[in-house]
Number of protein chains: 2
Amino acid sequence: MRPLVTAVDITLDRPSPSDKRADRERLLDGLVAQGITAPVEIDIDLLRILPSTLRVHDFRLQPTLGFTRDMARVLSFGGRPVYALAVDIGTTNIVASLVDVLNNKKISTLEYENPQVEFGLDVLTRVHLAMSGKAATLHEHLVSGLNTLIQKLCAAQGTTASDIYAAAFAGNTIMTHFLLNLPVHNIPVEPYIPAAHRIDFMEPKDIGLKINDRGIIYVFPNAGSYVGGDIISGILASGLYKEEQPTMLIDVGTNAEIVLGCSEWIMVGAGAAGPALEGGISEIGMRAAEGAVYNVEIDKNSHEVHMKIIGNSEPRGICGTGMIALVSELYTKGIINQQGKFIGFPERIRDVNGRQGFVLYESDTVSLIIKDTDIDNFLRSKAAMFSSLYVMVKSVGLRFGEIHKIYMSGAFGAGIDADKAVAIGMIPDIERSRLIAIGNSSLKGAEMLLMERELLPAIDRIGAMITYKEMNTEGDFMKEFPAALFLPHTDPEVLKG
Amino acid sequence: MRPLVTAVDITLDRPSPSDKRADRERLLDGLVAQGITAPVEIDIDLLRILPSTLRVHDFRLQPTLGFTRDMARVLSFGGRPVYALAVDIGTTNIVASLVDVLNNKKISTLEYENPQVEFGLDVLTRVHLAMSGKAATLHEHLVSGLNTLIQKLCAAQGTTASDIYAAAFAGNTIMTHFLLNLPVHNIPVEPYIPAAHRIDFMEPKDIGLKINDRGIIYVFPNAGSYVGGDIISGILASGLYKEEQPTMLIDVGTNAEIVLGCSEWIMVGAGAAGPALEGGISEIGMRAAEGAVYNVEIDKNSHEVHMKIIGNSEPRGICGTGMIALVSELYTKGIINQQGKFIGFPERIRDVNGRQGFVLYESDTVSLIIKDTDIDNFLRSKAAMFSSLYVMVKSVGLRFGEIHKIYMSGAFGAGIDADKAVAIGMIPDIERSRLIAIGNSSLKGAEMLLMERELLPAIDRIGAMITYKEMNTEGDFMKEFPAALFLPHTDPEVLKG
């Protein structure tokens, strides 16, 4: 592996009358001898302590090195452990993981609500706030949340933030702009222009991040206002950009993004399917945290409900994959019809404020009831998702049967029950081995880069290959959407493509 | 010309639905269109104002760019004028010139005493002071002197220091270490190891220099504790490194340095000849400033003394080239003999504290008398100089007749009367067209780099080619020295080689 930061053991010859190389050049030669071929920079203030450091340690050092594009930089003269931080900055949640680069090991992952949520759940509210003079506040809240997250990760590992020598961030274009304190003014107005697609490597002080002062900061580029670094990181993590045959990546977060492509071309479209799937729309929806129902089975005969709950605690709500499972079970077990209306199992149906609801769980303190309006909302999301997939695949003249693999990421990630998603017509009915859940692909791409700096050119290549396809306003989408509102679809043949 | 900093006029296409490039990439594409092929970095804080700057100026900008090795960096978004600073940091004097890079024009040069002189005239005193805890003070004095010089240069031009976007420094190894606040502890002790030979490009804040905050700072590399950046810069300025035939460069400052080489090899030796020639030894010696006698003619018959004086004022002392001219005239007009003892013109010889002295000038307020001890000192310097040249040329199996050109620089520079220097046997008696005075070659090399960044690889090549030859301790030197104490030499044939 060639990580973004590393430590190298070097033992240098002592100076002698026949070897009068200066300390700096002696060190650089020692690095070359250890296979560091990139030009290496040493900041002047490190250079100032190099002569004494070399002599105190009898010309043996273990410098920490950071690699930017074609350069390397000395970050310290003696560094073990060497940690790096991967961060997925979501609109709603931030997920960070700490990587021990010398041992090629992820040591922990932590999720934290994006502190900007207090300024508005949806991103447009925050953009307008930024445009009305609150940009610095939004930036500071985000960074202060990141610093808290870093403190927690370090405390749990008994390490300090100064051992973190690199951080890689992947987020949507607006979150990235907030992180960098770049103006977002031109993003929400035609023709939707970000301040930057790509950002040069930065230092922690540039954004106020509290890791090692000399640490290197990388931010995944975006491919436009609607194709963020999180998608590019996800494409990297999935390997879609290396596939010879057309492959899809579905990433569901606060928004749903759909990628279709291969090593020759990549198309990205965004849909509005996200919030319902992340657990943000139904009244009992929640994100995939402790107490969330993430899978549901309903016995066909006894009508008994079995739930799987994160943390095995009492259920507090239902997350995106739980909702998929629930609706799938309600439909396949004959409790709702093709339109999502309750038709069976009346002993569990209850009237709530004039709407019908299905009692999923009830105790003295908790009551989880799915109302028909929640199901309607969900069906709109599932229809939007399927229509987007269908329109995108059709737009390049392909059928689902010709899609090599479908990677599912984000809220759609690790926990999804593919059979149930297929049963409700949310994703196409292709061979199950070709439906692959890959968890948080945005975070995973950032982690991969931390361990393999040679992925930098691949990231740039992905960014350059992407074309953006506006989905929800497409005529085709509007045409397909109504049919997809049905369970599983008005024409099940469409699901098979 | 490809200067180290420049400004580029660009007019960018406005964003449109068919051209959604981000502001950063739009700017970079505009720079490529103007022929900037190196990767261009934009600091995050400049990027933060790019969107508004572009729109306020209707997508027309004139960014100032600085070039480091294989990279360029945006230094401002609107910069005219663009100035750069070349500095020769001598042990005794600092000389700086201000260059208008857009017009390829040197606009002024100023000389200033090195403020470190108050800590000791000679460099070893300062090194010992630095080693005993005063390093920061020495650094600060030097930089504060530089900042004063910059203020004066700017005031004289009616400009501000923020218009200076680059500074290139050439100085001996110790002065360079003081400038950078690098430790000098290992320089004066065997095996004489500098902290660094080469320094990466720096920012003004790294050394406290008051030019534009984003300006780029370049420091000429050294080739060891005794071969400084001033010599490398001088070699660059003279073009010696491109010569096909063996060529010499003599640079006389507080020390005298001799370079012999061509495009294939370069040898540098240092002699102790300097101070006497810079005007530092004789009681009436002074540097080449207003009031300094820089040339002397003595009428053979009338014995009248004609002096040329810097600034045409009343003479205050005699500088190095004046001393060469005076001793030459005293000898060729029969006033001193081969050993430098007074033998003629008794009406101008006077007894001073038991020594004989020649009255060069006398008024109510000024009395310039050259004593026989001054002449002895001078003859030791001239003997050291000639012996060094002779030993070095001989060491590579050459004769003076085979030396293509001899460039004379420093105190030996612009003002030297080559005939007179030859007459006293200080420099070899070769064809006069091959004896070329080039002024301050260290400053000139720095000025050249400011105007032509493609010289960077040449500078590195020069540094790598240099071998250092210890002169004064060589057996050959000791053998040649006594004969060279004579005027012009015990064996005038040696002068012709």
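Residue numbering note: each chain is counted from 1, following its sequence as written. Here the convention is simple: chains get letters from A, ligands get numbers from 1, in the order in which they are written. In keeping with the model being predicted, local features are shown solely for residues with a pLDDT of at least 70 and side-chain atom pairs are shown and tallied solely at 80 or more, while totals for entire chains, interfaces and linings include all residues. Only hydrogens and water are set aside when side-chain values are computed; all heavy atoms of the structure are taken into account.

Colleague: Help me out: how do you make sense of the overall build of chain A in this one?
Modeller: Helix and strand content of chain A: 14 helices and 23 strands. Our radius of gyration looks at C-alpha atoms and nothing else; its globule reference is 2.2 Å times the residue count to the power 0.38. The C-alpha radius of gyration computed for chain A amounts to 25 Å, which stays within 12% of the reference 23 Å derived for 497 residues, consistent with globular compactness. Only protein chains enter the calculation, and the probe is 1.4 Å; a residue is then buried if its accessible area is under 20% of its type maximum, exposed if over 50%, and partly exposed in between. Looking at chain A residue by residue over its 497 residues, the buried ones come to 60%. Should any heavy atoms of two residues lie within 4.5 Å, those residues are considered in contact. Across chain A, the fraction of contacts at a sequence separation of at least 24, relative to all contacts at a separation of at least 6, is 66%. To be clear on the numbers: accessible area is Shrake-Rupley with a 1.4 Å probe, and residue cover counts the displayed protein chains and nothing else. Within the structure as shown, chain A displays about 18900 Å² of accessible surface, and the carbon and sulfur contribution to it stands at 49%. We score Asp and Glu as negative and Lys and Arg as positive, and we do not count His or the chain ends. Just so you know, the charge point we use is NZ for Lys, CZ for Arg, CG for Asp and CD for Glu. Positive and negative charge centroids in chain A, built from 46 and 60 side chains respectively, lie 3 Å apart. A run of DSSP states H or I qualifies as a helix once it reaches four residues; a run of E qualifies as a strand once it reaches two. Both are numbered from the N-terminal end.

Colleague: What am I meant to see in the pattern of salt bridges here?
Modeller: Two side chains bearing opposite charge may form a pair once their charged atoms approach each other closely. Salt bridges are defined as contacts in which a side-chain nitrogen from Lys or Arg sits within 4 Å of a carboxyl oxygen from Asp or Glu. Counted according to the given criterion, the structure contains 56 salt bridges over all chains. As a salt-bridge pair, K341 of chain B and D376 of chain B come within 3.3 Å of each other at their nearest N and O atoms. Of this pair, K341 of chain B sits in the loop between α9 (320–332) and β18 (349–352) while D376 of chain B is found in helix α10 (residues 372–395), placing the two residues 35 residues apart along the sequence. The network of salt bridges with shared partners includes D19, R21, R26 and D29 of chain A.

Colleague: I'm lost on the packing of aromatic side chains in this one. Help?
Modeller: Each aromatic ring pair is summarised here by two numbers: the centre-to-centre distance and the angle between the ring planes. Note on aromatic pairs: the rings of Phe, Tyr and Trp (six-membered ring only in Trp) are paired at centre separations within 6.5 Å, and the planes decide the class, stacked below 30 degrees, edge-to-face beyond 60, tilted for the rest. Following the criterion strictly, the structure yields 18 aromatic pairs over all chains and no others. Aromatic pair Y226 of chain A and Y468 of chain A: ring centres 6.0 Å apart, planes at 20°, arrangement stacked. Within this pair, whereas Y226 of chain A is found in the loop between β11 (216–219) and α6 (229–238), its partner Y468 of chain A is found in strand β23 (residues 466–470), the two being separated by 242 residues in sequence. Owing to a relative accessible area of 30%, Y468 of chain A belongs among the partly exposed residues under this scheme. With a centroid separation of 5.6 Å and 50° between ring planes, the pair formed by F386 of chain B and F400 of chain B is classed as tilted. With a gap of 14 residues between them, F386 of chain B in helix α10 and F400 of chain B in the loop between α10 and β21 (406–410) connect regions that are remote in the sequence.

Colleague: Looking at this model, I keep getting lost on the side chain of R26 of chain A. Mind explaining?
Modeller: Structurally, R26 of chain A is set in helix α1 (residues 23–33). Within polar-contact distance, the side chain of R26 of chain A engages the backbone oxygen of R21 of chain A at 3.0 Å. Dropping the residues within four chain positions of it, R26 of chain A is found in contact with L12, D13, R14, P15, D19, K20, R21 and F59 of chain A together with I193 of chain B. A 3.5 Å cut-off defines polar contacts: any pair of N or O atoms within that distance qualifies, except that in protein one atom must be a possible hydrogen donor and the other a possible acceptor, and neighbouring residues in sequence count only when both atoms are side-chain atoms.

Colleague: Just checking my understanding: could you explain the packing of α10 of chain B against helix α14 (residues 475–484) of chain B for this structure?
Modeller: Two quantities define a packed helix pair, namely the angle between the axes and the distance from one axis to the other. All names here are of chain B. Viewed as axis vectors pointing N to C, α10 and α14 meet at an angle of 135°, and their least axial separation amounts to 8 Å. In terms of axis orientation, α10 runs oblique to α14. Judged by the sense of rotation from one axis to the other, the crossing of α10 with α14 is right-handed. Residues R380, K382, A383, A384, F386, S387, S388, Y390, V391 and K394 of α10 form the contact with α14, whose participating residues are D476, F477, E480, F481 and A484. Convention adopted: a line fitted to C-alpha atoms gives each axis, helices being fitted over their contacting stretch, and angles between N-to-C directions are expressed from 0 to 180 degrees. Relative orientations are named as follows: roughly parallel for angles under 35 degrees, roughly antiparallel for angles over 145 degrees, roughly perpendicular for angles from 65 to 115 degrees, and oblique for any other angle. Handedness of each helix crossing follows the sense of rotation of the near helix against the far helix: counterclockwise by less than a right angle gives left-handed, clockwise gives right-handed.

Colleague: Help me understand the sheet that holds strand β5 (residues 64–67) of chain A, please; the structure alone is not making it clear to me.
Modeller: The strands that make up a sheet pair up through hydrogen bonds in the backbone, lying either parallel or antiparallel. All names here are of chain A. The strand order β1-β5-β6-β3 describes an open sheet built from 4 strands, whose pairing is mixed. Every interior strand has two partners, whereas the edge strands, β1 (5–7) and β3 (40–41), have only one. Summarising the sheet, β1 and β5 pair through 3 bridges and their orientation is antiparallel. Looking at β5, one finds that V5 is bridged to G66. Here the rule is simple: two strands pair whenever DSSP picks up at least two bridges between them.

Colleague: How should helix α4 (residues 173–180) of chain A be read in this particular structure?
Modeller: Counting along an α-helix, one turn takes 3.6 residues, and residues three or four places apart therefore face a common direction. With 8 of its 8 residues buried, α4 of chain A lies for the most part within the structure. If you check which residues of α4 of chain A are buried, you get T173, I174, M175, T176, H177, F178, L179 and L180 of chain A. Summarising the contacts, the buried residues of α4 of chain A are in contact with β7 (83–89), α3 (123–157), β10 (164–171), α5 (204–207) and β11 of chain A together with α2 (44–47) of chain B. The positive-phi residue at the C-terminal boundary of α4 of chain A is N181 of chain A, with phi of around 55°.

Colleague: Which parts of the structure should I look at to understand the interface of chain B and chain A?
Modeller: Frequently, the measure chosen for interface size is the accessible area that the parts lose on association. Chain B puts 38 residues into the contact, and the matching count from chain A is 38 residues. Here the quantity called buried area is the total loss of accessible area, with a 1.4 Å probe, experienced by two parts when brought into contact, counted for both. Summed over both partners, the interface of chain B with chain A comes to about 3100 Å²; 58% of that surface belongs to carbon and sulfur atoms. Our count for the chain B to chain A interface comes out at 2 salt bridges. For the salt bridge of R24 of chain B with D200 of chain A, the shortest nitrogen-to-oxygen distance reads 3.3 Å.

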